[in-house]
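Residues per chain are reported as follows:
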Amino acid sequence: MAVLKIILRSGKCISVANSGLVARHCSAFHGFQNPLLYNPDIQSKTRFYSVDASNRAERKRGPDRILPANKLSGTMPDSTVEIKFDNRHPESMIAPVSFWTILQDTVARCPDRVALSVKRNNETVTWTYKEYEADIRSAAKAFIKLGLKRFHGVGILGFNAPEWHISCAACILAGGLSAGIYTTNSVDATRYVAEHSRANIMVVEDEEQLAKIEAVYDRLPELQTVIQYTGYPRSPGVISWQKLIEIGRAEPDSVLMERLEQQAVNQPCCLIYTSGTTGNPKGVMLSADNITWTVRQAKLMYNWRYDQESMVSYLPLSHVAGMFIDIFLSIYGGATVHFADKLALQGTLLKTLVEAKPTLFFGVPRVYEKIQEKMMEVAKQNTGLKKSVAEWAKASCSAHYEAKMAGQGGGGLSYTIASNTIMKAVKKKLGFENTTGFYSSAAPLSEDVFKYFCSLDMPIQELLGSSETAGPQTASTLDAMRVNMVGKCYPSWEIKIDKPDEHGIGEICTRGRNCCIGYLWDEKKTAELIDAEGWVHSGDLGKFDQDGFLRVGGRSKEIIVTAGGENVAPIPIEDAIKAEMKEIISNVMVVGDKRKHLAAIVTLRTQMDAKNQPTDLLHPDVKEWAEENGSDAETVPELLEEDNEDIRLDLLEGIQRVNRRAISNAQKVHKFMIAPSDFSLAGGELTPTMKMKRHFIEEKYQKKIDQMYEHETQSSMW
C-alpha cells in the first residue's frame, strides 16, 4: 500500500493511506519517473493523488518533488516554503503535482481537442492540446537556449493571444518566473517590472509594446532576448515568434528535462504584479502547488466538466483572474479558449461571444455594467406589447432568484416560460446560449447590476479573490448566492475575520495551500502579509452572516474616519449613488477623512474614443438630461462653465435620495463636485483593473475638495 507521510506545522507526523487517496502506478512522461503520481480516472473524471512508495529513491529529482523547508513564506526568487497541509479536509492532504504533470495529463486525455482558437486575417487558427504542448515545449527549450536562467523572469507584454499562453507555460517549464505586464503600463512602469523580475527574456506583442522596451534597454542588464509575437520584427536583434519556435525545435528534449528535474512544487514559478494603487506594484510569488492545487479546488467547487467547457479570453492575462482562468484552469480542465481582439471592450466582445458561444463567462463588474448599459439602451426602443412582455419576463426571473436566495426554491410556471422563451432569445443574441456560469470578481459588484442580470436569467456568481491567494478565496454558486455577498469560503482552506469590532467586521484572512509564497524582494511587506501561523492578511474588511456568507466592506486603508470618529466604508455609498443615477454618473469617489462630513467627487458619463478612453463629449443620455434641465452644453467643460442651478439641484436630489437610506448621519454625503473629466487609465485615476487610485484622485483635486469644505452650506458644485 502506498503511504504518504506528512509533517504538519505542529511537528506531528501523520500517514495518509486510502481515505480517498488512491495509489495508482504509472510511467512518467519523457524519461523520468514521477514519484508523486497524478492520474485521471477516465470513467469518473476524478483525480487521485498519492505516493508511489517504490519510487522514493527518485524523489531527489523531478518537478513533482517537495523540497525540505522550515518556513511558510519567502521573498527570494528561489525561496522554498512549507506546503500548508491540513488534515481537517481530505482535499488539503492531496499530494502536490507540478504544472508539467497537469499539462501532460490533459494532453494524454484529449490530445485532439481544440485548446486555443483565434481569428487572424478573418481566418480561424487553432491549436489542439497536442499542438499546444508541442509549442510550449519548443518555446521552453528556446527560452533556455536564448539565456533564461532559473528563477529569472520572462516578461510578457501584449494583448491576450495564444503566444501569451504558450510563453507563460513555457517559462514555467523552463524554470523561470512568468511575469505578465499590463499593455497600458507606461515605459517606466514596464521597466520596473522587467527590472524587478530580473527578466532575461521579454515577449512583446508588436512594435508599440517593443518601443517601451527599447526605450529602457540599457537599464535592463539582465535582459538577453526580445521576442515579438505578431508582425515581423524590424528592429535588429528582435526575434520573431516563428523563429523562436524553430530554435526550440532544434534543441534536444534533454535540455528541458534537465530543467524539469531541478524543479520542485514548493518553489516560485510565477509572478503576479499587483495593480499598484498606492505605489510601485508588488511581485506576488506563486508556487506550482499554489497553482495546480487551487485550479483543482475551483473545478471541484463549480463542477466544471472535463474537456467540455469553453471560454473567451479578453481580461488582462497579467491579472490573476485572467491568468488563473484562461491559462491554468483551462489547461487543467481541457477547456477551449477563444481569443477576443484588442477592441473587445470597445464593442467587439459581443461578436466574439456570438461566434464562440462560451459555456463559462468571467467578467469584472465594469464589463457587466457595460453590457447592462447596452441592454438598457436597446430596451428603450421597446413599446406596447413587446415592452409589456419583456417586463413580465424580467419580473418572473427576478422573482425566481429572489425566492431561491430566500431558500424558497424558486421556479414556477411563469419563470419556466420566461426562461425558455424570452430570455433564451436574449442570451442567444449575446452569445450566452450555452453559458451555464457567469462569474465576477476584482471589484465589488453593485446590487443594481446583480439584480439586473438576475432579471435576465443570468445570475452572476460573485467571488472574492486576490493575487496573494492564487485567485479565489470565496465562491458563490447557483445554489448558494446572496446579493451584496461574495459567497462562502472553500471547504479546503480557511478564512477568518481577524480582530472583529462590535459589529463583527474585521480583516479577512486566508490560510491554505492557495496562499502565496510572499512578495519578491520585499521582506517588510511579506511580513505584513503572512503571519507566523500562515494567515494571509488581505487588508479587506468583511463580516460573515449567520449562514456563512461573506460580505466585503472595503479595504481597511480606504476606510474614512470622520472628525467625529465614525468609521465609514466608501464603496457601498459610491455604488448606491451610481445606481441611483446610472444614466448620468460614471464614477463616484467619496472623501471626508478627518472632516466633519462626507463629500463626493462625481464624474459624468461621456462618449468613448477608439481606445475606450472617455472624451469630453457628453453621453447621449447625459446630454438629454442636461437639455431637460435647460442646458445647451455638448461637453463636460461647457456644462461646468454654465453652472446651471437646475442641474446642481437634480444631482443633489439624487444624492439626498441615497442619504435617506443611510444607516447613520455619518454615512450621508453632504456636498459634491463634478470633475472636469471622467476617471481613466490615461488620466492616471484608474489602475489597469479599473480600481480607483484614491490617493492620486484626492491629490489631483485637493484644492477643489478644500473649497467644498470652506462653507457650511454648499455654494458651488464644482
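The present account deals with the structure reproduced in this document. (Residues numbered from 1 in each chain as written. Predicted model: local features only at pLDDT ≥ 70, side-chain atom pairs only at ≥ 80, totals over all residues. Heavy atoms only, no water.)

**Observations regarding a nonpolar patch on the surface**
Logical step 1: On the surface, W392, L413 and I417 cluster together into a nonpolar patch covering about 310 Å² of accessible area.
Logical step 2: Structurally, the position occupied by I417 is in helix 13 (residues 413-420). (Patch = residues over 30% accessible without salt bridge, like charges linked within 9 Å, V, L, I, M, F, W, Y side chains within 5 Å. Areas by Shrake-Rupley, 256 points an atom, 1.4 Å probe, with all protein chains shown as cover. Salt bridge = Lys/Arg side-chain N within 4 Å of Asp/Glu carboxyl O. Helix = DSSP H or I, 4+ residues; strand = E, 2+ residues; numbered from the N terminus.)

**Some thoughts on the sheet that holds strand 15 (residues 336-339)**
Logical step 1: Pairing is mixed in the open sheet, where 4 strands are placed in the order 6-5-15-14. In this open sheet, the two edge strands, each paired with only one partner strand, are strand 6 (123-128) and strand 14 (310-313). Between one strand and the next, the sheet's axes are offset by a mean angle of 20 degrees, whatever the strand orientation.
Logical step 2: For strand 5 (residues 114-120) and strand 6, the ladder comprises 6 bridges, and the chain directions are antiparallel. Pairing of V114 across the sheet is with T128, part of strand 6.
Logical step 3: Helix 2 (residues 129-145) contacts strand 5 and strand 6 of the sheet and is inclined by roughly 80 degrees relative to strand 6.
Logical step 4: Where helix 9 (residues 320-333) meets the sheet, its contacts fall on strand 14 and strand 15, and the angle it forms with strand 14 comes to roughly 150 degrees. (Pairing = 2+ DSSP bridges. Axes fitted to C-alpha atoms, helices over the stretch in contact; angles between N-to-C directions. Contact = heavy atoms within 4.5 Å.)

**Focus: the packing of aromatic side chains**
Logical step 1: Scanning the model with the defined rule gives 15 aromatic pairs in all.
Logical step 2: Look at F361 and F432: their rings are 5.0 Å apart centre to centre, the planes differ by 55 degrees, and that puts the pair in the tilted class. With a gap of 71 residues between them, F361 in strand 16 (residues 360-363) and F432 in the loop between helix 14 (422-430) and strand 17 (437-440) connect regions that are remote in the sequence.
Logical step 3: For F432, a relative accessible area of 1% puts it in the buried group.
Logical step 4: Aromatic side chains F432 and F438 sit 5.0 Å apart centroid to centroid with 85 degrees between the ring planes, which places their arrangement in the edge-to-face category. Both residues of the pair, F432 and F438, belong to the buried class.
Logical step 5: In this structure an aromatic cluster arises from ring pairing among Y314, F361, Y368, F432, F438, Y452 and F453.
Logical step 6: Between K282 and the ring centre of Y519, over which it is positioned, the NZ or CZ distance is 5.4 Å. (Phe/Tyr/Trp six-rings, centres within 6.5 Å; stacked < 30°, edge-to-face > 60°. Buried < 20%, exposed > 50% of the residue type's maximum accessible area, 1.4 Å probe, protein only. Lys NZ or Arg CZ within 6 Å of the ring centre and 35° of its normal.)

**Brief notes about the nonpolar core**
Logical step 1: The biggest cluster of nonpolar side chains holds 132 residues, and the ones touching the most others in it are F143 and F328.
Logical step 2: At 10 residues, helix 9 tops the list of elements feeding residues into this core.
Logical step 3: For F143, the residues in contact, after removing those within four places along its chain, are L148, V154, S167, A170, C171, I201, V203, I227 and L244.
Logical step 4: Core analysis: the next-biggest nonpolar cluster, separate from the first, contains 30 residues, V568, I577, M581 and V588 among them. (Core = buried A, V, L, I, M, F, W, Y, C linked by side-chain atoms within 4.5 Å.)

**Observations regarding the pairing of strand 14**
Logical step 1: Across the two faces of strand 14 the burial is the same, with S310 and V312 and M311 and S313 all buried.
Logical step 2: Bridging between strand 14 and strand 15 involves 4 bridges; their strand directions are parallel. Across the sheet, M311 pairs through a bridge with V337, a residue of strand 15.
Logical step 3: Handedness of the crossover is the feature at issue here: the chain leaves strand 14, passes through helix 9, returns alongside strand 15, and the resulting connection is right-handed. (Right-handed = clockwise from strand over helix to strand, strands pointing away.)

**Topic: the side chain of T336**
Logical step 1: Relative to the assigned elements, T336 resides in strand 15.
Logical step 2: A residue is classified by how much of its surface remains accessible, and T336, at 7% relative accessible area, is buried.
Logical step 3: Of the polar contacts made by the side chain of T336, one reaches the side chain of R113; its length is 3.2 Å.
Logical step 4: Apart from the residues within four sequence positions on either side, T336 is in contact with R113, V114, A115, E309, S310 and M311. (Polar contact = N/O pair within 3.5 Å; in protein donor to acceptor, adjacent residues only side chain to side chain.)

**Quick word on the packing of helix 12 (residues 384-405) against helix 13**
Logical step 1: Two elements in contact, helix 12 and helix 13, have axes separated by 8 Å at closest approach and are oriented at 120 degrees. Judged by the inter-axis angle, helix 12 sits oblique to helix 13. Helix 12 and helix 13 meet at a crossing whose hand is left-handed. Across from W392, A393, S396, C397, H400 and Y401 in helix 12, the residues of helix 13 making contact are S414, Y415, I417 and A418. (Parallel < 35°, antiparallel > 145°, perpendicular 65-115°, else oblique. Left-handed = near helix turned anticlockwise from the far one by under 90°.)

**As for the pattern of salt bridges**
Logical step 1: Enumeration over the complete set of coordinates arrives at 42 salt bridges.
Logical step 2: The closest approach of N and O atoms between D253 and R137, which form a salt bridge, is 3.0 Å. Here R137 lies in helix 2 and D253 lies in helix 7 (residues 253-261), a separation of 116 residues in the sequence.
Logical step 3: By relative accessible area, D253 is classed as partly exposed at 31%.
Logical step 4: With relative accessibility at 8%, the residue R137 sits in the buried group.
Logical step 5: One salt bridge in this structure joins E373 and R605, with 3.7 Å as the shortest N-O distance. Separated by 232 residues along the polypeptide, E373 in helix 11 (residues 365-379) and R605 in the loop between strand 31 (598-604) and strand 32 (606-608) bring together distant segments of the chain.
Logical step 6: Several salt bridges converge on common partners, so that one network encompasses R366, E369, E373, K380, R605 and D621.

**Some remarks on helix 20 (residues 645-659)**
Logical step 1: Given a rise of 1.5 Å per residue, 15 residues ought to cover 21 Å, and the 21 Å separating the end C-alpha atoms of helix 20 matches this to within 8%.
Logical step 2: Within helix 20 the residues assigned to the buried category are I647, R648, L651, L652, G654, I655, V658 and N659. Across the axial projection of helix 20, the buried residues extend over an arc of 155 degrees, all falling on one side.
Logical step 3: If you follow the buried residues of helix 20, they end up packed against helix 17 (570-580), strand 30 (585-591), helix 18 (620-628), helix 19 (636-642) and strand 34 (669-674).
Logical step 4: Between the side-chain oxygen at the start of helix 20 and the backbone nitrogen of D646 there is a gap of 2.8 Å, and the oxygen is on N644. (Expected span 1.5 Å × (residues − 1). Arc of directions from axis to C-beta.)

**So, a negative patch on the surface**
Logical step 1: There is a patch of like negative charges on the surface, built from E624, E627, E628, D632, E638, E641 and E642.
Logical step 2: Breaking the negative patch down by element, the ones donating at least two residues are helix 18 and helix 19.
Logical step 3: Relative to the assigned elements, E624 resides in helix 18.
Logical step 4: Residue E624 is classed as partly exposed on the basis of its relative accessible area, which comes to 44%. (Lys, Arg positive; Asp, Glu negative; His and termini not counted. Charge placed at Lys NZ, Arg CZ, Asp CG, Glu CD.)

**Thoughts on the pairing of strand 30**
Logical step 1: Of all 7 residues in strand 30, 7 are buried, a share of seventy percent or more.
Logical step 2: Relative to strand 31, strand 30 runs antiparallel, the two sharing 6 bridges. Across the sheet, V590 pairs through a bridge with A600, a residue of strand 31.
Logical step 3: Here strand 30 folds back onto strand 31, and the loop between the two strands holds 6 residues, one of which, G592, carries a positive phi near 145 degrees.

**Some details on the environment of K424**
Logical step 1: Within the fold, K424 resides in helix 14.
Logical step 2: Of the residues examined, K424 reaches a relative accessible area of 56% and is grouped as exposed.
Logical step 3: Measuring from C-alpha to C-alpha, the distance between K424 and D457 comes to 8.7 Å, with 33 residues separating the pair along the chain.

**Focus: the sheet that holds strand 12 (residues 268-273)**
Logical step 1: Spatial ordering of the open sheet is given by 11-10-9-7-8-12-13-25, a layout of 8 strands whose pairing is mixed. Looking at which strands have only one partner, the edges of the open sheet turn out to be strand 11 (238-240) and strand 25 (518-519).
Logical step 2: Strand direction decides the pairing type here: strand 8 (residues 177-181) and strand 12, joined by 2 bridges, are parallel. Residue pairing in the sheet places S178 in a bridge with C270 of strand 12.
Logical step 3: Taken strand by strand, helix 6 (residues 241-250) contacts strand 9 (199-204), strand 10 (225-228) and strand 11, and its axis lies near 80 degrees from that of strand 11.

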